[in-house]
Amino acid sequence: MLEKELELSETARNGYYLNYLDELESEAIYVLREVWAQFQNPVILFSGGKDSIVVTHLARKAFYPSRIPFALMHVDTGHNFPETMEFRDRLIDELGVRLIVGSVQESINNGRVAEERGKNATRNALQITTLLDAIEEHRIDCAIGGGRRDEEKARAKERFFSHRDDFGQWDPKNQRPELWNLFNGKHYEGEHFRAFPISNWTEMDVWNYIKREGINIPSLYFAHQREVVWRNNSWIPNSEFLKLEEHEEIVSKRIRFRTLGDITITGGIESEADTVEKIADEVSAMRQTERGNRSDDKRSETAMEDRKRQGYF
Amino acid sequence: MQLDNSQILRFTTAGSVDDGKSTLIGRLLYDSKSIFEDQLEAIEATSKRKGHEGVDLALFTDGLRDEREQGITIDVAYRYFTTPKRKFIIADTPGHIQYTRNMVTGASTANAAIILVDARHGVIEQTRRHAFIASLLQIPHVIVCVNKMDLVDFSEEVFNSIVRQFEAFSSKLAVKDIRFRPISALLGDNVVNRSENMPWYEGATLLHTLENMHISSDTNKIDARFPVQTVLRPQSEEHRDYRGYAGRIASGIFRKGDEVTVLPSGLTSTIKSIDTFDESPGEAFAPMSVSITLEDDIDISRGDMIVRTNNKPRMEQELDVMLCWLHADPARPRAKYTIRHTSNEQKAVIRDIVYKVDINTFERNEEDKDIAMNDILKVKIRTTKPLMFDSYRGNRTTGSLILIDEGTNETVAAGMIV
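These numbers were taken from a predicted model, which means no experiment stands behind them.

Thresholds applied
Residues numbered from 1 in each chain as written. Chains lettered and ligands numbered in written order. Predicted model: local features only at pLDDT ≥ 70, side-chain atom pairs only at ≥ 80, totals over all residues. Heavy atoms only, no water. Phe/Tyr/Trp six-rings, centres within 6.5 Å; stacked < 30°, edge-to-face > 60°. Helix = DSSP H or I, 4+ residues; strand = E, 2+ residues; numbered from the N terminus. Buried < 20%, exposed > 50% of the residue type's maximum accessible area, 1.4 Å probe, protein only. Contact = heavy atoms within 4.5 Å. Pairing = 2+ DSSP bridges. Axes fitted to C-alpha atoms, helices over the stretch in contact; angles between N-to-C directions. Core = buried A, V, L, I, M, F, W, Y, C linked by side-chain atoms within 4.5 Å. Domains from an automatic or database assignment. Expected span 1.5 Å × (residues − 1). Arc of directions from axis to C-beta. Salt bridge = Lys/Arg side-chain N within 4 Å of Asp/Glu carboxyl O. 1 Å grid on protein atoms, 1.4 Å probe; cavity = no way out; pocket = protein on both sides within 12 Å on 5 of 7 lines; lining within 4 Å. Points joined across faces, edges and corners; volume = space filled by probe spheres on them. Polar contact = N/O pair within 3.5 Å; in protein donor to acceptor, adjacent residues only side chain to side chain.

Caption draft 1: A look at the packing of aromatic side chains. Under the criterion given, the structure shown has 27 aromatic pairs over all chains. On the numbers, 5.3 Å between centres and 75° between planes, the contact of Tyr16(A) with Phe285(B) is edge-to-face. Of this pair, Tyr16(A) sits in the loop between α1 (10–13) and α2 (20–38) while Phe285(B) sits in strand β13 (residues 283–285), placing the two residues on different chains. A relative accessible area of 24% places Tyr16(A) in the partly exposed class.

Caption draft 2: Here's a closer look at the environment of Arg332(B). All names here are of chain B. In this fold, Arg 332 is placed in the loop between β16 (314–325) and β17 (336–341). Arg 332 sits 18 residues away from Ile 350 along the chain, and the two C-alpha atoms are 8.9 Å apart. Not counting residues within four places of it along the chain, the set of residues in contact with Arg 332 comprises Tyr 337 and Asp 405.

Caption draft 3: Quick look at the sheet that holds strand β5 (residues 141–147) of chain B. Residues and elements named next belong to chain B. In spatial order, the strands read β2-β3-β1-β4-β5-β6; together these six strands make up an open sheet with mixed pairing. Of all strands in the sheet, those with a lone pairing partner are β2 (77–82) and β6 (177–182), marking the two edges. Each strand of the sheet is rotated relative to its neighbour by a mean of 25°, with strand direction disregarded. One ladder, built from seven bridges, connects strand β4 (residues 112–118) with β5; its direction is parallel. Bridge assignment links Val 117 to a residue of β5, and that residue is Val 146. Docked against the sheet, helix α6 (residues 156–170) engages β4, β5 and β6, running at close to 160° with respect to β6.

Caption draft 4: Quick peek at the nonpolar core. Leu32(A), Val54(A), Phe70(A), Ile144(A), Phe161(A), Trp201(A) and Trp207(A) are the most contacted members of the largest nonpolar core, which totals 68 residues. Here this core gets nine residues from one element, more than from any other, and that element is α2(A). Apart from residues lying up to four places away in sequence, Trp207(A) is in contact with Lys50(A), Ile217(A), Tyr221(A), Val276(A), Ile279(A), Ala280(A) and Val283(A). Counting residues in each nonpolar core, the second largest holds 51 residues, with Leu136(B), Cys324(B), Val357(B) and Phe362(B) among its members.

Caption draft 5: Inspection of the domain arrangement of chain B at higher detail. Domain assignment breaks chain B into domain 1 (7–218), domain 2 (225–308) and domain 3 (314–417). For domain 1 of chain B and domain 2 of chain B, the distance between their C-alpha centroids amounts to 41 Å.

Caption draft 6: The arrangement of helix α2 (residues 37–49) of chain B in detail. Residue and element names in this part refer to chain B. With 13 residues, α2 should cover 18 Å at 1.5 Å per step; its first-to-last C-alpha distance of 18 Å lies within 8% of that length. For α2, the full list of buried residues reads Ile 43, Thr 46 and Ser 47. The buried side chains of α2 occupy one side of the element, clustering within an arc of 100° when seen end-on. Residues of α2 that are exposed and point over 90 degrees away from its buried face: Lys 48 and Arg 49. One or two positions beyond α2, positive phi appears at Gly 51, with a value near 80°.

Caption draft 7: Layout of the pattern of salt bridges. Going through the model one piece at a time under the given rule, you end up with 48 salt bridges over all chains. Ionic pairing is found between Glu23(A) and Arg10(B), a salt bridge with its closest N-O pair at 2.9 Å. With one member in each of two chains, Glu23(A) in helix α2 and Arg10(B) in strand β1 (residues 7–14) form a pair that bridges those chains. Note on Glu23(A): relative accessible area 14%, which makes it buried. A salt bridge links Asp375(B) to Lys356(B); the nearest nitrogen and oxygen atoms lie 3.1 Å apart. Remark: Lys356(B) occurs in strand β18 (residues 344–357) and Asp375(B) occurs in the loop between β19 (364–365) and β20 (376–389); sequence separation between them is 19 residues. Across the pair, exposure class does not vary: Asp375(B) and Lys356(B) are buried alike. Ionic contacts of the salt-bridge type, sharing partners, join the residues Asp22(A), Glu25(A), Lys61(A), Arg212(A), Glu213(A) and Asp278(B) into one network.

Caption draft 8: Local environment of empty space enclosed by the protein. Enumeration according to the criterion identifies two cavities of 30 Å³ or more in this entry. Quantified by volume, the second largest cavity comes out at close to 60 Å³. In this structure, the second largest cavity is lined by Arg159(A), Phe161(A), Arg176(A), Pro177(A), Glu178(A), Leu182(A), Phe183(A), Asn184(A), Phe193(A) and Thr411(B).

Caption draft 9: Looking closely at the side chain of Arg101(B). If you trace the backbone, Arg101(B) turns up in helix α4 (residues 99–107). At 3.1 Å, the side chain of Arg101(B) and the backbone oxygen of Gln175(A) are in polar contact. The residues contacting Arg101(B), other than those within four sequence positions of it, are Gln175(A), Pro177(A), Leu326(B), Met373(B) and Asn374(B).

Below, the structure written as structure tokens:
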């Protein structure tokens, strides 16, 4: 015999273990408390998407019965879904936290950035400047994000505590090693950190958690009837910003969004899933990655890495 | 569908450059159906462009631009897959550059290590090095995968001889659970599916092993340790008198009514409640994040540790530590560093280098006193105030620490308290 194979059921042997969602939750709460303890002025980067909603929910749990001790920061591109904005404002009221808004339109008006031109122009990359300006203006030393390592290949290399230099840049080749659960958030004036409490969660974990916790999410995630146009292999919503190409035509479809970004770049998928349970089932059978419908990631093979290096979310 | 009560298993993969590590990870992801169609299409296109036959599974683990261009891995990457039985987190550590540093990082949180051995080459220097690090970091389970069995005609003799080679030196190490698997990552034999080419092998496949190994007892359930992260004092009407100590239980089990001592002050009290957002359970265990309230009003802050009165950790200022140096800047003699240990932070000085370990021969060198990147050594450290700790061997959370350079703020070393 080479070895003894121990294959007794875990429960029968030992009741003291956490299931995967409880362990992920406990880890995220630990990270959030560590951020609070190690930084002076942290904020949660809030996009209105499911990941930042989950992070906000976790922050509520981490500090209960105290209020969430962080402000929420939203980088407003001006190209939002109206539903996202309504959701944001309701959540802020409910939690009683402060909202900080960085406006891309203001950055354009102030000449900090110039609007992209051409048919696929978006404000996606412009957000980087607005985000970094807001971080500087509000003296934020840690911005907590909903980034997950399973999302994208550059994100697979992220730390829980990720250092940004005084230009807001990420240097993936020169990151601080992160061992055990000992996070080093030490930094100089002007530098800041990004913290990712749900690094180890997958898209499926997020949906299973939303389902278990009964977390409210924007209506856009549920199947609904919408005017859309077929572009880059997904259904792009009609909006005041949409410029139709000659061969394109607006149709009405029953769709839902798998991720939420700007209205100009977020493609929907045809779906009948109108409850969290149905969405979780749909996602578990999904054969395409979540960001496959995001044209911001399709610009090049290293689109995410390039933006992250500059200071993107 | 994943089961509601499934656990997380974290494992790290170690192999030298051409052992097929990326192919193995690609195979695990591919055969467990964790790869999406758009990822597969991208890999197929790249395989074709590079002139590979079929799909090169190793490409799934490509990451940064420099890595793809140079065909190397630079930094630890984390990958995920799920089966109905478990969720898996892989710390994928690169094979050559800064090897020790990266493997130590990946190993620090792992329940299991997969060590790859090329069936054609058998146990080589790197294999010994990987096993040594797994042992040093006290990874509870090691799975030695003898890969590329297809290139040795799936020979039972070759496999058995490698098992013997490995056991000849692993008996000197502190790994309790070592298992051996003959596999072909390229063809998929014994990775997820049973091999038809090796009827002589009656053991489990790699995935079956990972899905079923017993990991609940990997965490210390005996020594109750609660490092305080922060104090919760809500200012609201409803919770005016609430004073909760927030943290993640490092080890052991705490129950309402337990007699506890707060360190370093030594003051004692009784646990009044253990609270989470959802409930106030009568007991809580590692690694739960909770907040604890006590019957008595005592001064407690971040860095303190709550323990059961009848089971205390060591509290000392002079520590013997196994150190792995992680930074390109060498250690300066008598230099001061910041120690981060649980939620505690202190100044410390490396007083003496006891010996350096040659990780290929496991021999101790007491003459060489220079500390450079990737060195593993035993040192004596003195802290400004007593540290509350257990030995790493019995407690990976309260026995581990990092050193931070006060000048650069960089994490320069990882330490395991002897």
